[in-house]
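Chain residues, written in single-letter form:
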Amino acid sequence: MDTLVHDALLNKQNLKQILSTDKYDEKLFELARETALSVFGNRIYIRGLIEFTNHCKNGCYYCGINRENNNVERYRLSLDEILECCRKGDKLGFKTFVLQGGEDGYYSNARVVEMIRAIKKEFPNHALTLSIGERSYEAYKSFYDAGADRYLLRHETCTLEHYSKLHPDDMSLFNRLNCLKNLKNIGFQTGCGIMVGSPYQTIDNIVDDILYMYDFNPQMIGIGPFIAHKDTIFRDMPDGSVEMTLRILAIMRILLPHVLLPATTALGTLDKKGREKGILAGANVLMPNLSPLKDRKKYSLYNNKICTGEEAAESIEKLKKSISKIGYELVSDRGDYKD
Ligand code: 5AD
């Protein structure tokens, strides 16, 4: 890897310049792609995403399932339904299940532990990722001890001023970052991340997020464009940029060559070729949707979220074909983080 470029990317001025123009894109994407190829080859890991509840106690201004939105038809999956999703995913070749949901008190720590145990009992060799928000150190530890392997918790922004424009006063950036530290200390493969082009985000904010992510050195990073949701106060805000998202993906790939980096659903929503473009900018993970078809549309974080096309787990064969067209191969592998 080009250490000169790597070191140059740790400089705020350089980062600002790279993010402010498309002049460097070609070189940047090429280097990111080479970096990913040297670590993972042309192998793309897949994760089966199970959105098991859209109830949420939080009021994040950007999110379509926030507590204030009365237009959402709320749902919860039973443990049996969740296990059914896992069985379907297993048959399709998934070796990682991602359980994602709003912050839903119904799933008490004890219920989450029960859910982890049940999944791990039936699928002891599969990896289990949780994405269920902020909980106490003790709760996280009990999830880890029950067998969960990974945890996704985007920090959204590491700048306090920006954080307070995206979240109501009852949420705290300090707590969020502290949760991330706890998760990593406990031993989870831990993921942080941001939305690109979220309302009021500046280039300086993005630069600080890139440096924060580099310092935190997570095993996974989730980066997708912000997309407005019609029932939120940000309904008229512009969507994030695909180009900018690709640049940030590429920079993170170069800075953290081993990191697990998905081409996100939001990227695929804004651009038909978003997933492919993400991979060509250094991403190495895709997360097709395994949620029950009857509930899929209800997990609407942003407008027009794709969920029944190639990003649907049941269309995995189609996805395989599109990815092979750009020279990559979907693999049936746990795809753990390796140094
Ligand atoms: N646009 C894009 N991404 C969003 N998320 C939530 N709302 C939106 C939106 N409107 C992302 C957040 C969250 C993840 C699960 O989805 O970053 O952490």
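> What's the story with the sheet that holds strand β2 (residues 48-53) in this structure? I'm lost.
Within a sheet, adjacent strands bond to each other through the backbone by hydrogen bonds, running parallel or antiparallel. Pairing in this open sheet of six strands is parallel, and the strands run β2-β3-β4-β5-β6-β7 from one edge to the other. The open sheet terminates on both sides in strands that have one partner only, identified here as β2 and β7 (220-225). The mean angle between the axes of side-by-side strands here comes to 20°, regardless of whether they run parallel or antiparallel. Across five bridges, strand β3 (residues 96-101) lies against strand β4 (residues 127-131) in parallel orientation. Residue Leu-99 lies in a different strand from β4, and its bridge partner there is Leu-130. The sheet strands contacting helix α5 (residues 109-122) are β2, β3 and β4, and the helix crosses β4 at an angle near 155°. Where helix α9 (residues 203-216) meets the sheet, its contacts fall on β6 (189-196) and β7, and the angle it forms with β6 comes to roughly 175°.

> Even after reading the chapter, I still don't get the site of the ligand, so can you show me in this structure?
Near the ligand the following residues occur: Tyr-62, Cys-63, Gln-100, Arg-154, Glu-156, Met-195, Pro-225, Phe-226, Ile-227, Leu-301 and Tyr-302. Contacts to the ligand include Glu-156, whose side-chain N or O atom sits 2.6 Å from an oxygen atom. Contact distances for the ligand include 3.4 Å between a nitrogen atom and a backbone N or O atom of Leu-301. Protein chains shield 87% of the accessible area of the ligand, which is 410 Å² for the free molecule. More than half of the atoms of the ligand fall within 2 Å of the grid points belonging to the largest cavity. A class-by-class count of the residues in the shell around the ligand yields eight nonpolar, one polar and two charged.

> How should unusual backbone geometry be read in this particular structure?
A negative phi angle is the norm for most residues apart from glycine, just as the trans form is the norm for most peptide bonds. Unusually for a residue other than glycine, Glu-156 sits at a positive phi of about 75°. Even without glycine at this site, Tyr-200 takes up a positive phi of about 70°. Of note, Tyr-200 is situated in the loop between β6 and α9. Overall, the relative accessible area of 46% leaves Tyr-200 in the partly exposed class.

> Sorry if this is basic, but what is going on with the environment of Asn-182 here?
Mapped onto the elements of the fold, Asn-182 is located in helix α8 (residues 173-186). Separated by 67 residues in the primary sequence, Asn-182 and Leu-249 have C-alpha atoms spaced 25 Å apart. If we skip the residues at most four places from it in the chain, Asn-182 touches Tyr-137 and Tyr-140.

> Looking at this model, I keep getting lost on the pairing of β7. Mind explaining?
Two faces make up the sheet, and in a regular strand the side chains alternate between them. Counting buried residues along β7, six of its six residues qualify, which places the element largely inside the surrounding structure. Residues Met-220, Gly-222 and Gly-224 point to one face of β7 and Ile-221, Ile-223 and Pro-225 to the other, with burial holding for every one of them. Both β6 and β7 contribute to a ladder of six bridges, which runs parallel. Residue pairing for β7: Val-196 is matched across the bridge by Pro-225.

> What's the story with the nonpolar core in this structure? I'm lost.
Among soluble globular proteins, nonpolar side chains are generally buried collectively. Within the largest apolar cluster, 97 residues are counted, with the highest numbers of intra-cluster contacts made by Ile-119 and Phe-143. No other element matches the ten residues that helix α10 (residues 242-255) contributes to this core. What Ile-119 contacts, discounting residues up to four positions off in sequence, is Ile-82, Leu-83, Cys-86, Phe-97, Leu-99 and Leu-128. With ten residues, the next largest nonpolar core counts Val-98, Met-220, Leu-260 and Tyr-337 among its residues.

> Can you walk me through empty space enclosed by the protein in this structure?
In this approach, a probe sized like a water molecule rolls over the atoms, and the result shows the empty space that is left. One pass over the full model with this rule turns up three cavities of 30 Å³ or more. Volume-wise, the largest cavity comes out at about 1,000 Å³. Lining of the largest cavity is provided by 50 residues; of these, Gln-100, Ser-131, Arg-154, Glu-156 and Leu-301 occupy positions nearest its centre. When contributions to the lining of the largest cavity are tallied by element, the ones reaching two or more residues are β2, β3, β6, β7 and α11 (265-270). It is β7 that provides the largest number of residues to the lining of the largest cavity, a total of five residues. Put simply, the second largest cavity is a space of about 80 Å³.

Calculation notes
- Residues numbered from 1 in each chain as written.
- Predicted model: local features only at pLDDT ≥ 70, side-chain atom pairs only at ≥ 80, totals over all residues.
- Heavy atoms only, no water.
- Pairing = 2+ DSSP bridges.
- Helix = DSSP H or I, 4+ residues; strand = E, 2+ residues; numbered from the N terminus.
- Axes fitted to C-alpha atoms, helices over the stretch in contact; angles between N-to-C directions.
- Contact = heavy atoms within 4.5 Å.
- Near = heavy atom within 4 Å.
- Polar contact = N/O pair within 3.5 Å; in protein donor to acceptor, adjacent residues only side chain to side chain.
- Areas by Shrake-Rupley, 256 points an atom, 1.4 Å probe, with all protein chains shown as cover.
- 1 Å grid on protein atoms, 1.4 Å probe; cavity = no way out; pocket = protein on both sides within 12 Å on 5 of 7 lines; lining within 4 Å.
- Sits in = over half its atoms within 2 Å of the grid points.
- Nonpolar A, V, L, I, M, F, W, Y, C, P; charged D, E, K, R; others polar.
- Buried < 20%, exposed > 50% of the residue type's maximum accessible area, 1.4 Å probe, protein only.
- Core = buried A, V, L, I, M, F, W, Y, C linked by side-chain atoms within 4.5 Å.
- Points joined across faces, edges and corners; volume = space filled by probe spheres on them.

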